[in-house]
Amino acid sequence: MITLQTVYILAGLMFCAYAFFNVRDKSHSRRYVNALFWGIYGITFLFGAQLPHFITGCMAILLAIIAGSGKLGKGKSESGQPDQVEKREAGSKRFGNKLFIPALLIPLVTLAGTLTLKYTPLVEAKNVTLISLVIGTLVAFIVALIMLRDSPVKAVKAGGQTMDTVGWAAILPQMLAALGALFALAGVGGVVSDLVKNIIPLGSPLAIVIAYTFGMALFTMIMGNGFAAFPVMTAGIGLPLIVNQLGGNPAIMGAIGMLSGFCGTLMTPMAANFNIVPAALLELQDKNGVIKAQWKTGVLLLLVNTAFMYFFVFRF
């Protein structure tokens, strides 16, 4: 049976491979720092279930120290060489829109797996969506290799170079999600609930919905991740007020609540992996150029989510 631990092992092997290729890149001036960073991160996936929590916590602190030192960096990418640029341009003309096939396979296989694999003994039912996502990624990877007739080793090496470019921001979502769970365990949700009860009229469903959706967006802007905001805002407003007090549908509340959090993601530099990293990869002069281009969309979507929440969460 494929379990969540299987997924963690695959992720750990991938990050350790990134560390290995960094060590072997003699042209990379920061190869050992990068290798240490990705190696530690990979070990947390490979042996996190066996290691004492204290050791895992120390490793997380060490990752933060390495990231904060500013010593992480990228080496010379082979893709930037003139012959490789010409090869990529020739490939893009040859395949055209077919290049999108591997990318489209990921959501298609994930959806198919989520709907079907839970009825089989092949996968762990409670984590079927995450496992299906990994299967979809592997399928897309294999299809891309067959289409492009390329080497899997070269593909993994190129992936490592991309991760070096992204740097510490690549692990930010996981860290922030863990921080959100920690906040929930610490009772921050209860503090938020008491604050909301003292400010908004509890007899107004619209006021409570606005507090939840806008609170999700605002807390996401502060934390940089909707997954970090969700347990706090849902424990503080969503479950006690929308579901328990007003009888709202928890599935609709949760789905639209997360979408509201993603609206906040569009409007904050704290979401570095979404907003700052793309600006760096595209070499934009304005580091906040991505946010400036999409914040109006974020506000509009937040208003739409709030309206949908109000009209549907109490009716289904």
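Because the structure is a prediction, the values reported are computed rather than measured.

(A) Main features of helix H7 (residues 152-166). Given a rise of 1.5 Å per residue, 15 residues ought to cover 21 Å, and the 21 Å separating the end C-alpha atoms of H7 matches this to within 8%. The set of residues buried in H7 consists of Gly 159, Gly 160, Gln 161, Met 163, Asp 164 and Val 166. For H7, the capping residue at the N-terminal end is Ser 151, with a side-chain oxygen 3.2 Å from the backbone nitrogen of Val 153. Positive backbone phi, approximately 75°, marks Gly 167, located one or two places after H7.

(B) Main features of the pattern of salt bridges. Taken as a whole, this structure holds 1 salt bridge when the rule is applied. The partner of Asp 286 in a salt bridge is Lys 292, with the nearest N and O atoms 2.8 Å apart.

(C) Spotlight on the side chain of Thr 234. Position of Thr 234 relative to the elements: it lies in helix H11 (residues 226-245). Aside from chain neighbours lying at most four places away, what touches Thr 234 is Tyr 212, Leu 239, Pro 240 and Met 253.

(D) Up close: a nonpolar patch on the surface. A cluster of nonpolar side chains, Leu 206, Ile 210, Phe 214, Trp 295, Val 299 and Leu 303, forms an exposed patch at the surface whose accessible area comes to about 490 Å². Counting residues per element, the ones that place at least two in the nonpolar patch are helix H10 (205-223) and helix H14 (289-312). For Trp 295, a relative accessible area of 39% puts it in the partly exposed group.

(E) Examining the environment of Phe 274 more closely. Among the structural elements, Phe 274 can be located in helix H13 (residues 272-281). In sequence terms Phe 274 and Ala 49 are 225 residues apart; their C-alpha atoms lie 29 Å from each other. When near neighbours in sequence (up to four residues on either side) are disregarded, Phe 274 contacts Thr 265 and Val 290.

(F) Fine view of the packing of aromatic side chains. A full pass over the atoms with the stated rule returns 12 aromatic pairs. Consider the rings of Tyr 41 and Phe 45, whose centres lie 5.0 Å apart with planes at 90°: the pair is edge-to-face. Pair noted here: Tyr 41 and Phe 45 are both in helix H2 (residues 31-47), with a separation of 4 residues, about one helical turn. The two residues Tyr 41 and Phe 45 agree in class, both being buried. Through a chain of ring-to-ring contacts, the aromatic side chains of Tyr 8, Phe 15, Tyr 18, Phe 37, Trp 38, Tyr 41 and Phe 45 assemble into a single cluster.

(G) Just the packing of helix H1 (residues 4-24) against helix H6 (residues 128-148), in detail. The interhelical angle for the contact between H1 and H6, taken along N-to-C directions, is 40°, at an axis separation of 9 Å. Our classification of the angle between H1 and H6 gives oblique. Here the hand of the crossing between H1 and H6 comes out left-handed. Counting all contacts with H1, which are made through Leu 4, Val 7 and Leu 10, the residues of H6 involved are Leu 130, Ile 131, Val 134 and Leu 138.

(H) View of the environment of Leu 182. Mapped onto the elements of the fold, Leu 182 is located in helix H8 (residues 172-185). The exposure class assigned to Leu 182 is exposed, which follows from its relative accessible area of 52%. With 46 residues separating them along the chain, Leu 182 and Ala 228 place their C-alpha atoms 9.1 Å apart.

(I) Structural context of the nonpolar core. With 30 residues, the main nonpolar core has Val 196, Tyr 212, Met 233, Ile 237, Met 253 and Met 309 as its most contacted residues. Looking at this core, the elements that each hand over two or more residues are H8, helix H9 (188-199), H10, H11, helix H12 (250-265) and H13. With near-sequence residues (within four places) excluded, Met 253 lies in contact with Tyr 212, Thr 234, Gly 238, Leu 239, Ile 242, Val 243, Met 309 and Val 313. Counting 16 residues, the second largest nonpolar core, distinct from the first, contains Phe 15, Ala 19, Met 59 and Ile 171.

(J) Up close: the state of the cysteines. Under the defined criterion, the tally for this structure stands at 0 disulfides. Between Cys 58, a free cysteine, and Cys 16, which holds the nearest cysteine sulfur, the sulfur-to-sulfur gap is 19 Å.

(K) Fine view of unusual backbone geometry. Although it is not a glycine, Arg 149 adopts a positive phi angle of roughly 55°. Mapped onto the fold, Arg 149 is located in the loop between H6 and H7. Arg 149 gets classed as exposed once you look at its relative accessible area, which sits at 71%.

(L) Structural view of the packing of H1 against H2. For the pair H1 and H2, interaxial distance at closest approach is 7 Å and the crossing angle is 165°. The orientation of H1 relative to H2 falls into the category roughly antiparallel. Between H1 and H2 lies a crossing of left-handed hand. Tallied by class, residues from the contact of H1 with H2 come to 16 nonpolar, 6 polar and 2 charged.

Calculation criteria
Residues numbered from 1 in each chain as written. Predicted model: local features only at pLDDT ≥ 70, side-chain atom pairs only at ≥ 80, totals over all residues. Heavy atoms only, no water. Helix = DSSP H or I, 4+ residues; strand = E, 2+ residues; numbered from the N terminus. Expected span 1.5 Å × (residues − 1). Buried < 20%, exposed > 50% of the residue type's maximum accessible area, 1.4 Å probe, protein only. Polar contact = N/O pair within 3.5 Å; in protein donor to acceptor, adjacent residues only side chain to side chain. Salt bridge = Lys/Arg side-chain N within 4 Å of Asp/Glu carboxyl O. Contact = heavy atoms within 4.5 Å. Patch = residues over 30% accessible without salt bridge, like charges linked within 9 Å, V, L, I, M, F, W, Y side chains within 5 Å. Areas by Shrake-Rupley, 256 points an atom, 1.4 Å probe, with all protein chains shown as cover. Phe/Tyr/Trp six-rings, centres within 6.5 Å; stacked < 30°, edge-to-face > 60°. Axes fitted to C-alpha atoms, helices over the stretch in contact; angles between N-to-C directions. Parallel < 35°, antiparallel > 145°, perpendicular 65-115°, else oblique. Left-handed = near helix turned anticlockwise from the far one by under 90°. Core = buried A, V, L, I, M, F, W, Y, C linked by side-chain atoms within 4.5 Å. Disulfide = S-S within 2.5 Å. Nonpolar A, V, L, I, M, F, W, Y, C, P; charged D, E, K, R; others polar.

Don't take any of this as a statement about function, it's just geometry.
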